Amino acid sequence: MTTILGLTGGIASGKSTADIFFREKHIPVIDCDQIAHDILNVGNKGYELVKKQFGAQIINEDQSINRSVLGQIVFNDAKQLDILNKITHPLIFKEIQAKIALNKVAKKPLIIVDAPVLFEANGQKYCDCTLLIAIPESVQLKRLMLRDHLSRDAALKRIRSQMSLSQKEKLADFVINNVGTKQELKYQLEQLLLKIKEEY
Ligand SMILES: CC(C)(COP(=O)(O)OP(=O)(O)OC[C@H]1O[C@@H](n2cnc3c(N)ncnc32)[C@H](O)[C@@H]1O)[C@@H](O)C(=O)NCCC(=O)NCCS
Ligand SMILES: Nc1ncnc2c1ncn2[C@@H]1O[C@H](COP(=O)(O)OP(=O)(O)OP(=O)(O)O)[C@@H](O)[C@H]1O
């Protein structure tokens, strides 16, 4: 039997850092940010739909989608984000399902689905259990500004476009706090794997 663990958390909470740990353990990770990028590549279905909706302002000279410009539009306007989500999320979920099916055929005991907006998009229904990586907003802001070279204002807009931590905590089966070192995160993930082995 395969257990599907939905991995979520706010922007810059540490999901990709957790993915490195899982991959080192040879546990497959489905990266939804990567899927979201792929569907917007020239020639793919999301590309045409998003280009039609947002127009020339988001198109680079080489015809690719300028995700940075698109990000500035949607993270500054909840309505525009909702429109983008309505276009992209069905395509992303279809791709996640296909990747899950492939891993099931390969009889993988555990699959991680790394989905930043898992709860916002009600994606937990595709998972057997969910893990939330939690950090206080002050630490999140610091790590996000440092990693993406964003201004405080731009970083806060991205954070606030997502569901609040307290709401996510209510929905998650497991919560890991990533306020400590990366080593401490790794230790907590080790413990979680033992728990999942027992319970699922
Ligand atoms: C807005 C876009 C073009 C910005 O692209 P960019 O390369 O600058 O950022 P990237 O995709 O790496 O996302 C960075 C982080 O932003 C946050 N984020 C991305 N999309 C969303 C969203 N729809 N709602 C809230 N937060 C989001 C996540 O924490 C994500 O990890 C892109 O994120 C996008 O197409 N988003 C819509 C699809 C989606 O929901 N993706 C999330 C994975 S399911
Ligand atoms: N415990 C930690 N201590 C210090 N820095 C950390 C820790 N965990 C993660 N980071 C750093 O914080 C930043 C954000 O982490 P990461 O990229 O893993 O977040 P994410 O949840 O995958 O982000 P996104 O939602 O944008 O995909 C990275 O620069 C990462 O190296």
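Residues numbered from 1 in each chain as written. Chains lettered and ligands numbered in written order. Predicted model: local features only at pLDDT ≥ 70, side-chain atom pairs only at ≥ 80, totals over all residues.

(A) Examining the site of ligand 2 more closely. Contacts to ligand 2 come from 17 residues, most closely from Lys-15, Ser-16, Thr-17, Arg-143 and Arg-147. Take the shell around ligand 2: its biggest share by element is 3 residues, from helix α1 (residues 15-24). For the shell around ligand 2, the per-class residue count stands at 4 nonpolar, 8 polar and 5 charged. (Near = placed C-beta within 6 Å. Helix = DSSP H or I, 4+ residues; strand = E, 2+ residues; numbered from the N terminus. Nonpolar A, V, L, I, M, F, W, Y, C, P; charged D, E, K, R; others polar.)

(B) Broad picture of the nonpolar core. Membership of the largest hydrophobic core comes to 33 residues, with the highest contact counts inside it found for Ile-30, Cys-32, Ile-112 and Val-113. Looking at this core, the elements that each hand over two or more residues are β1 (3-8), β2 (29-31), α2 (32-39), α3 (45-54), α5 (78-105), β3 (110-114) and β4 (129-134). Among the elements that line this core, the one with the most residues is β4, at 4 residues. Ignoring sequence-local partners within four residues, the contact set of Ile-30 consists of Ile-96, Lys-99, Ile-100, Ile-111, Ile-112, Val-113 and Asp-114. (Core = buried A, V, L, I, M, F, W, Y, C linked by C-beta atoms within 7 Å. Buried ≥ 20, exposed ≤ 12 C-beta atoms within 10 Å, placed from the backbone. Contact = placed C-beta atoms within 7 Å.)

(C) Structural view of the environment of Leu-185. Structurally, Leu-185 can be placed in helix α9 (residues 182-199). For Leu-185, a count of 19 C-beta atoms within 10 Å translates into the label partly exposed. As a C-alpha pair, Leu-185 and Ser-68 span 117 residues in sequence and 30 Å in three-dimensional space. With residues up to four places along the chain from it excluded, the contact list for Leu-185 reads Gly-14, Thr-17, Ala-18, Ile-176, Asn-178 and Gly-180.

(D) Fine view of the pairing of β1. In terms of residue burial, β1 counts as a mostly covered element, since 5 of its 6 residues are buried. In terms of strand pairing, β1 meets β3 through 5 bridges, oriented parallel. Residue pairing in the sheet places Leu-7 in a bridge with Asp-114 of β3. Two strands pair when backbone bridges link them, and β1 and β4 are joined in this way by 4 bridges, in the parallel orientation. The residue of β4 that forms the bridge with Thr-8 is Leu-132. (Pairing = 2+ DSSP bridges.)

(E) Structural context of the site of ligand 1. The environment of ligand 1 is made up of 20 residues, and the closest members are Ile-11, Cys-32, Arg-67, Gly-71 and Pro-116. Listed by contribution, the elements that provide at least two residues to the shell around ligand 1 are α2, α4 (67-74) and α5. Residues belonging to the shell around ligand 1 are distributed by class as follows: 11 nonpolar, 6 polar and 3 charged.

(F) Just the UniProt feature "binding site: ATP" (unreviewed entry) in the protein, in detail. Per the UniProt annotation, the sites labelled "binding site: ATP" (unreviewed entry) are Ala-12, Ser-13, Gly-14, Lys-15, Ser-16 and Thr-17. Along the chain, Ala-12 turns up in the loop between β1 and α1. When near neighbours in sequence (up to four residues on either side) are disregarded, Ala-12 contacts Gln-140, Arg-143, Leu-144 and Arg-147. With respect to the helices, strands and loops of the structure, Gly-14 is situated in the loop between β1 and α1. Not counting the four nearest positions on each side in its chain, Gly-14 is found in contact with Gly-9, Ile-133, Ile-135, Asn-178 and Leu-185. (UniProt positions renumbered as here; feature names shortened; annotations may be inferred.)

(G) Structural detail: α5. For α5, with 28 residues, the first-to-last C-alpha span of 39 Å sits near the 40 Å given by 1.5 Å per residue. At Thr-88, α5 is bent by approximately 35°, the largest bend along its length, and proline Pro-90 sits one to four residues beyond. Residues of α5 that are buried: Leu-84, Ile-92 and Ile-96. The elements touched by buried residues of α5 are β2, α2, α3, α4 and β3. Lys-107 sits one or two positions beyond α5 and adopts a positive phi of about 55°. (Expected span 1.5 Å × (residues − 1). Bend = angle between axes of the 7 residues up to and from the residue.)

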